[in-house]
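Summary of structural features
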Amino acid sequence: QVQLVESGGGLVQPGGSLRLSCAASGFTFSSYAMRWYRQGAGKERKLVASITSTTGSIIHYVDSVKGRFTISRDNAKNTVYLQMNSLKPEDTAVYYCNAHALSNAYWGQGTQVTVSS
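Read on for a plain summary of the structure. (Residues numbered from 1 in each chain as written. Predicted model: local features only at pLDDT ≥ 70, side-chain atom pairs only at ≥ 80, totals over all residues. Heavy atoms only, no water.)

Structural notes on the packing of aromatic side chains
For the structure shown, the criterion picks out five aromatic pairs. Taking 5.1 Å as the distance between ring centres and 45 degrees as the angle between the ring planes, the aromatic pair formed by Phe27 and Tyr106 counts as tilted. On the criterion of sequence distance, the pair formed by Phe27 in the loop between β3 (18–25) and β4 (33–39) and Tyr106 in strand β10 (residues 104–107) is long-range, its members being 79 residues apart. Relative accessible area serves as the criterion here: at 13%, Phe27 is assigned to the buried category. Judged by relative accessible area, which is 22%, Tyr106 ranks as partly exposed. Each ring, one from Tyr96 and one from Trp107, has its centre 6.5 Å from the other, and the planes form 80 degrees; the classification is edge-to-face. (Phe/Tyr/Trp six-rings, centres within 6.5 Å; stacked < 30°, edge-to-face > 60°. Helix = DSSP H or I, 4+ residues; strand = E, 2+ residues; numbered from the N terminus. Buried < 20%, exposed > 50% of the residue type's maximum accessible area, 1.4 Å probe, protein only.)

Here you go:
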């Protein structure tokens, strides 16, 4: 059974940090590119960051998070991370983990991140 379980969300003040984790099971994690998406209230789900499979040698960020967010993966732990620093109110959203390879794609249930004073 394929599972992606996100954790680490919560309420944080502007300028603060959070580290999201996504634990994967039920598939060959190292063979999948991993992505973080987010969806604000009433908005479309959008890609935030991605990291290629195996060595994770190619990383992409949406412009709005460059220099603040860092995606990484630990294939030994079947986990992908999103370190989020200098958080802004506009980063408030539900963050989703996605695993992608060829015709297969899996989603987690999401974790809420709220940036507010």
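Some details on the pairing of strand β5 (residues 46–51)
The side chains of a regular strand alternate, residue by residue, between the two faces of the sheet. Where β4 meets β5, five bridges bridge the pair, whose relative direction is antiparallel. Bridge pairing in β5 places Trp36 opposite Ala49. Connecting β4 to the next strand, β5, in antiparallel fashion are six residues, including Gly42 with a positive phi near 75 degrees. Of the pairings in the sheet, the one linking β5 to strand β6 (residues 59–61) comprises three bridges and is antiparallel in character. Note on β6: the bridge partner recorded for Ile51 is Ile59. (Pairing = 2+ DSSP bridges.)

Side note on the state of the cysteines
Taken as a whole and judged by the stated rule, the model has one disulfide. With its sulfur 2.1 Å from that of its partner, Cys22 forms a disulfide with Cys97. Looking down the S-S bond of the Cys22 and Cys97 bridge, the torsion is -80 degrees, so its handedness is left-handed. Taken as a pair, Cys22 in strand β3 and Cys97 in strand β9 (residues 93–101) lie far apart in primary sequence, 75 residues in all. By the burial criterion, Cys22 is buried, and Cys97 matches it. (Disulfide = S-S within 2.5 Å.)

Purely spatial values, then, with no claim about function.
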